[in-house]
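Residue strings, one per chain:
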Amino acid sequence: AGAATAGDARVRHALRRAMIARIATVSASGGPLIMPLYFEVLDGRIYMNNAATSPTVRNIAAHPHVLVLLQARDGDVVRVRGTARYLRDAATMRRVTRASLPKYVLRPRALWFWLRNLSRMSARSQYTRERTDTGMIEVTPESYAVGSA
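Along each chain, residue indices are assigned from 1 in the same order as the chain's sequence is written. Confidence filtering applies because this is a predicted model: local features only for residues at pLDDT of at least 70, side-chain atom pairs given and counted only at 80 or more, and all residues used for totals across whole chains, interfaces and linings. As a convention, hydrogens and water are excluded, and side-chain values are obtained from all of the structure's heavy atoms.

Q: Any chance you could explain the pattern of salt bridges here in plain terms?
A: One side chain can pair with another of opposite charge once the charged atoms of both are near each other. For this analysis, a salt bridge means a side-chain nitrogen from Lys or Arg found within 4 Å of a carboxyl oxygen belonging to Asp or Glu. For the coordinates displayed, the defined rule picks out three salt bridges. Note that arginine 10 and aspartate 8 form a salt bridge whose closest N and O atoms lie 2.9 Å from each other. To sort residues, take the accessible area from a 1.4 Å probe on protein chains only and compare it with the maximum for the residue type: under 20% means buried, over 50% means exposed, and anything in between is partly exposed. Since its relative accessible area comes to 18%, aspartate 8 is described here as buried. Notably, a salt bridge pairs arginine 85 with glutamate 138, separated by 2.6 Å at the nearest N-O pair. Here arginine 85 is found in strand β7 (residues 77-87), whereas its partner glutamate 138 is found in strand β8 (residues 134-147), with 53 residues between them in sequence. Of the residues examined, glutamate 138 reaches a relative accessible area of 4% and is grouped as buried. In this text, helices come from DSSP runs of H or I with a minimum length of four residues, and strands from runs of E with a minimum of two, each type numbered from the N-terminal end.

Here you go:
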């Protein structure tokens, strides 16, 4: 994999077009964990929803240095090394959620899925609203590398 910058076209393409980020963390005992999560990029940082009780969040508390893997269907694998922290800031969560709507909700296939599963979505929305352990992982990138899968 070759070094790259945030301005590299391949990095920008992956950040814009990839649908899933795979975040690699290390547990307090040194064990690795890779978790696929939906993500959004705002102000140069990568955000992912996650519960405060998740193994990924526990690992970040123990070791904040992470690796995020991104790949658009038609692009190279992009590796983002960075430092992560867990946020429960409501204003940031709202900003990230609003920014993610075009990517995950307002796409033709996503709209079709939402309409087809509308009866289930009400229960899911209520479950999400009632959760008290919801927050976001924020990754501040430190370096980028690009290579093929």
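Moving on from the coordinates now.
Q: What exactly am I supposed to notice about the nonpolar core here?
A: Looking at soluble globular proteins, one finds that nonpolar side chains tend to be buried together. For the purposes of this section, nonpolar cores are sets of buried Ala, Val, Leu, Ile, Met, Phe, Trp, Tyr and Cys residues that join through side-chain atoms within 4.5 Å. Counting 24 residues, the largest nonpolar core has Ile23, Met48, Val68, Leu70, Ile137 and Val139 as its most contacted members. Those elements that place two or more of their residues in this core are α1 (9-17), β2 (20-26), β5 (45-51), α2 (55-62), β6 (65-71), β7 and β8. At four residues, β8 tops the list of elements feeding residues into this core. Beyond its immediate sequence surroundings of up to four residues, methionine 48 is in contact with Ala21, Ile23, Leu37, Tyr38, Phe39, Val68, Gly135, Met136, Ile137 and Val139. The next biggest cluster of nonpolar side chains, apart from the first, holds six residues, and it includes Tyr47, Leu87, Met93 and Met136. Note on definitions: a residue-residue contact is assigned when non-hydrogen atoms from the two residues lie within 4.5 Å.

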